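Now for the letters of each chain:
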Amino acid sequence: MTATRTSVVPTASEPPATVPRFGSTERAVHWVHAVAFFSLSASGLALYLPVLASAIGDRPLLKALHLGTAGLWLTALLALTVGGDHRRLRRTRQELERFTDDDIRWLRRQRGARAGRFNAGQKVHAVLQSALAALFVVTGILLYLGERNTALRFPGTIPVHDACMFAALALVTGHLYLALVHEPTRPALQGMTDGRVDAAFARKHHAAWTPEPDVWRPSPQTRLAGALVLLAGSVATVVLILDTLR
């Protein structure tokens, strides 16, 4: 008797085990934000707390690292915008900015609310983090310029910058809890690692969303444009660091 080989390939009637949720450009933007946030938070807290600053002992170097990280963060985001999947990034922004009746019901915890690719909580989080990022950039530039031109020194710049840091830390703490600890929402993390999520999870938590495959592939021109932005931004960041250390 010979054993028959059992097929493990799903048939047309079987639902897929996972579905695509995030493309490569979206995931890159997320991890650029994540790495930059924790790096900037570490150097920012060292500058904010005198005990840490004195323990390290080189405040100018800390400030240069803080500004350099910020410069590389903005450079990487611009390079991804220029050399990445523009269509997907534009659609993601539109989805995050659009609040539907289902989103209002979701926030009110009403039955029958059907979330799309992003639920209302994720949309609120993204909007708040975007606003804080803009405030970080504006206040950070003012702090940098204010050290070189007293006319650009404003009394509220440092408190706003510091308040943004604590607000962002609170939001990220909640984000990490939902991604790493809270059992019902932990499967969503896979979407930011390999771009796919469990199909059953998607049907349960994002019932109004129709998954689409990530078919984008960068052209040579797009790759070149992104690389040139990355190079130019890196050079500008080095100049910024050297200027800070003078």
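Residues numbered from 1 in each chain as written. Predicted model: local features only at pLDDT ≥ 70, side-chain atom pairs only at ≥ 80, totals over all residues. Heavy atoms only, no water.

1. A few points about the overall build of the protein chain
Rules: Runs of H or I in DSSP of at least four residues are treated as helices and runs of E of at least two as strands, each being numbered from the N terminus. The criterion used for residue contact is that any of the two residues' heavy atoms lie within 4.5 Å. Areas reported as accessible are Shrake-Rupley estimates using a 1.4 Å probe. Residue values count occlusion only from the protein chains shown. In this tally, Lys and Arg are treated as positive and Asp and Glu as negative; His is ignored, and so are the chain termini. To locate a charge, the coordinates of NZ of Lys, CZ of Arg, CG of Asp or CD of Glu are taken.
Assigned secondary structure in the protein chain consists of nine helices and two strands. Listed by position from the N terminus, the elements making up the protein chain come as β-α-α-α-α-α-α-α-β-α-α. Long-range pairs, those at least 24 residues apart, make up 72% of the contacts in the protein chain with a sequence separation of at least 6. When the accessible surface of the protein chain is summed, it comes to about 15,400 Å², and 66% of that surface belongs to carbon and sulfur atoms. Counting 27 positive and 17 negative side-chain charges, the protein chain places the centres of these two groups 1 Å from one another.

2. Some thoughts on the pattern of salt bridges
Stated formally: By definition here, a salt bridge exists when the distance from a side-chain nitrogen of Lys or Arg to a carboxyl oxygen of Asp or Glu is within 4 Å. Here's how the labels work: a residue is buried when its accessible area is under 20% of the maximum for its type, exposed when over 50%, partly exposed in between, all with a 1.4 Å probe on protein chains only.
Enumeration over the complete set of coordinates arrives at 13 salt bridges. As a salt-bridge pair, Arg-93 and Glu-97 come within 3.2 Å of each other at their nearest N and O atoms. One end of the pair, Arg-93, and the other, Glu-97, are both in helix H4 (residues 86-97), four residues apart, so they sit about a helical turn from each other. Close ionic contact of Asp-243 with Arg-246 constitutes a salt bridge, the shortest N to O distance being 2.6 Å. Judged by its relative accessible area of 17%, Asp-243 is buried. Where salt bridges share partners, they join Glu-26, Arg-88, Arg-91, Glu-95, Arg-117 and Glu-212 into one cluster.

3. A few points about a nonpolar patch on the surface
For the record, the criterion: Surface patches are defined over residues having more than 30% relative accessible area and no salt bridge, joining like charges when they lie within 9 Å and nonpolar side chains (Val, Leu, Ile, Met, Phe, Trp, Tyr) when within 5 Å.
Judged by side-chain polarity, Trp-31, Phe-38, Leu-176, Tyr-177, Leu-178, Leu-180, Val-181 and Leu-189 come together as a nonpolar surface patch covering roughly 720 Å² of accessible area. Here the nonpolar patch takes five residues from helix H7 (residues 157-181), the largest share from any one element. With respect to the helices and strands, Leu-176 occurs in helix H7.

4. Focus: the nonpolar core
Filter applied, for reference: Put simply, buried Ala, Val, Leu, Ile, Met, Phe, Trp, Tyr and Cys residues joined by side-chain atoms within 4.5 Å make one nonpolar core.
Counting nine residues, the largest nonpolar core consists of Val-29, Val-32, Ala-36, Leu-40, Trp-73, Ala-76, Leu-77, Leu-80 and Ala-133. If sequence neighbours within four positions are ignored, Ala-76 has contacts with Val-32 and Leu-230. By size, the runner-up hydrophobic cluster in this structure holds seven residues, among which are Val-19, Ala-199, Phe-201 and Trp-209.

5. What to know about the packing of helix H1 (residues 24-48) against helix H3 (residues 59-83)
The criterion, for reference: For helices, the fitted line uses only the C-alpha atoms of the stretch in contact; every axis is such a line through C-alpha atoms, and the angle between N-to-C directions lies from 0 to 180 degrees. By definition in this entry, angles of less than 35 degrees are roughly parallel, angles greater than 145 are roughly antiparallel, angles of 65 to 115 are roughly perpendicular, and the rest are oblique. We call a crossing left-handed when the near helix sits turned anticlockwise from the far one by less than a right angle, and right-handed when that turn is clockwise.
Between H1 and H3, whose axes approach to 9 Å, the crossing angle comes to 165 degrees. On the basis of their axis angle, the class for H1 and H3 is roughly antiparallel. Helix-helix and strand crossings are classified by hand; for H1 and H3 the assignment is left-handed. For the pair H1 and H3, the contacting residues are Thr-25, Ala-28, Val-29, Val-32, His-33, Ala-36, Ser-39, Leu-40, Ser-43, Gly-44, Ala-46 and Leu-47 in the first and Arg-59, Leu-62, Lys-63, His-66, Thr-69, Ala-70, Trp-73, Ala-76, Leu-77 and Leu-80 in the second.

6. Concerning the confidence of the model for the protein chain
To keep things clear, this is the line we draw: One confidence number per residue, pLDDT, is output by the predictor and ranges from 0 to 100.
Confidence in the prediction of the protein chain, expressed as mean pLDDT, is 91, and 94% of residues score 70 or more. Taken together, the stretch residues 1-11 has pLDDT below 50 and engages in one contact with residues farther than four places along the chain or on a different chain.

7. A short note on the environment of Ala-131
Secondary-structure assignment places Ala-131 in helix H6 (residues 120-146). We classify Ala-131 as partly exposed; its relative accessible area is 41%. Between the C-alpha atom of Ala-131 and that of Leu-96, which follows or precedes it by 35 residues, the distance is 13 Å.

8. Notes on the packing of aromatic side chains
How we decide: Aromatic contacts are taken between Phe, Tyr and Trp rings whose centres are within 6.5 Å, Trp giving its six-membered ring; a plane angle under 30 degrees counts as stacked, one over 60 as edge-to-face, and the others as tilted.
Counted under the stated rule, the structure contains three aromatic pairs. Taking 5.9 Å as the distance between ring centres and 40 degrees as the angle between the ring planes, the aromatic pair formed by Phe-22 and Phe-118 counts as tilted. Of this pair, Phe-22 sits in the loop between strand E1 (18-20) and H1 while Phe-118 sits in the loop between helix H5 (101-107) and H6; the two residues are 96 residues apart in sequence, bridging distant segments of the chain. With relative accessibility at 9%, the residue Phe-118 sits in the buried group.

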